[in-house]
Amino acid sequence: MTKLGQTDPKLELKSEARRAVLHTDPTEVPRLVLLAVDGPSPYLMGNLGLMGMLLVSTYFITVTNRSIYVHRGPRLNPRPKKLVHVIPLAQTGSLVTRVKRGGSWNALHLQFPGDAKPTRLNISFHSRDEMERFLKRFPERAVHA
C-alpha cells in the first residue's frame, strides 16, 4: 500500500510501458503489461549485489489488441528504453517454451523471433496475476512444456 501522495512504482512502470507502445503506434490498445528481469536466478544475482544489478535488464512485455511489444531497460533505472521485439499475436504460438512457478520468483522462457535460444525472464510473485493472464493467451502444450 502506498502513502497518500505517493505513486505505486509497479503501476508507474506499467504506465511507462503503455506510453512507450503508444509512442510507437498510437492505434494500439495496451491490455496487459508484464514486468520481468532477465538472467539466472534472482537469488544468485542478489548475492552479487550491485554487480548483479548491472548484469540484468528489466523487460516490459505489453500485450495489445494486435501485438506483443517487448521493451528492455537497465535494472538500476528500470524504464522501457529499447524496443526489442514487436510480435503480431498471430505469430506468438511458439513464444512460450517453458514456465516454472515458484513461491517468490517465477521463470518464463520465451523464444523471441531471431534468437537462437529462449530468454529466461524472472517474474516476481507480485506480478504472478499478470503472468497467469499472459499465459492464458497460449496453447496448454506450450505453457506446461
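Residues numbered from 1 in each chain as written. Predicted model: local features only at pLDDT ≥ 70, side-chain atom pairs only at ≥ 80, totals over all residues. Heavy atoms only, no water.

**As for helix α1 (residues 9-24)**
(1) Moving on: Taking 1.5 Å per residue, 16 residues should reach 22 Å; α1 reaches 23 Å between its end C-alpha atoms and fits that length.
(2) Moving on: Among the residues of α1, L13, K14, E16, A17, A20 and V21 are the ones counted as buried. Along α1, the residues classed as buried sweep out an arc of 160 degrees about the axis, all on the same side. Exposed side chains of α1 directed beyond 90 degrees from the buried face belong to L11, R19 and H23.
(3) Moving on: Against β1 (32-38), β2 (57-63), β3 (67-74) and α4 (128-135) lie the buried residues of α1.
(4) Moving on: For α1, the side-chain oxygen to backbone nitrogen distance between the N-cap and K10 is 3.2 Å, and the N-cap itself is D8. (Helix = DSSP H or I, 4+ residues; strand = E, 2+ residues; numbered from the N terminus. Expected span 1.5 Å × (residues − 1). Buried < 20%, exposed > 50% of the residue type's maximum accessible area, 1.4 Å probe, protein only. Arc of directions from axis to C-beta. Contact = heavy atoms within 4.5 Å. Polar contact = N/O pair within 3.5 Å; in protein donor to acceptor, adjacent residues only side chain to side chain.)

**Focus on the packing of aromatic side chains**
Each aromatic ring pair is specified by the distance between its two centres and by the angle formed by the two planes.
(1) Moving on: For the structure on display, the rule yields one aromatic pair.
(2) Moving on: On the basis of an interplanar angle of 5 degrees and a centroid distance of 6.5 Å, the ring pair of Y59 and F112 is categorised as stacked. Taken together, the residues Y59 in strand β2 and F112 in the loop between β6 (105-110) and β7 (119-124) connect sequence positions 53 residues apart.
(3) Moving on: Among the residues examined, Y59 registers a relative accessible area of 6% and is labelled buried. (Phe/Tyr/Trp six-rings, centres within 6.5 Å; stacked < 30°, edge-to-face > 60°.)

**As for α4**
(1) Moving on: Looking only at α4, the buried set comprises E130, M131, F134 and L135. For α4, the angular spread of the buried residues around the axis is 135 degrees, confining them to a single face.

**Quick look at the sheet that holds β2**
(1) Moving on: Here seven strands make up an open sheet; going across it, the order is β4-β3-β2-β1-β7-β6-β5 and the pairing antiparallel. The outermost strands of the open sheet, each flanked by one partner alone, are β4 (82-88) and β5 (96-100). Within the sheet, the average angular offset between the axes of one strand and its neighbour, ignoring direction, is 30 degrees.
(2) Moving on: By the bridge criterion, six bridges tie β3 to β4 in an arrangement that is antiparallel. Looking across to β4, one finds that H71 is bridged to L83.
(3) Moving on: Seen against the sheet, α1 touches β1, β2, β3 and β4 and runs at an angle of roughly 105 degrees to β1.
(4) Moving on: Along the sheet face, α4 touches β1, β2, β3, β5, β6 and β7 and points at about 110 degrees away from the line of β1. (Pairing = 2+ DSSP bridges. Axes fitted to C-alpha atoms, helices over the stretch in contact; angles between N-to-C directions.)

**A word on the pairing of β5**
Looking along a regular strand, one sees side chains alternate from face to face of the sheet.
(1) Moving on: Inspection of the sheet shows β5 paired to β6 by four bridges, in the antiparallel sense. Residue pairing in the sheet places V99 in a bridge with L108 of β6.
(2) Moving on: Counting the residues between successive antiparallel strands, the hairpin from β5 to β6 contains four residues.

**Regarding the environment of L135**
(1) Moving on: In this structure, L135 sits in helix α4.
(2) Moving on: Sequence-wise, L135 and V96 are 39 residues apart; in three dimensions their C-alpha atoms are separated by 8.1 Å.

**What to know about the environment of D129**
(1) Moving on: Structurally, D129 is set in helix α4.
(2) Moving on: Taking the C-alpha atoms as reference points, D129 and L34, separated by 95 residues in sequence, lie 9.4 Å from one another.

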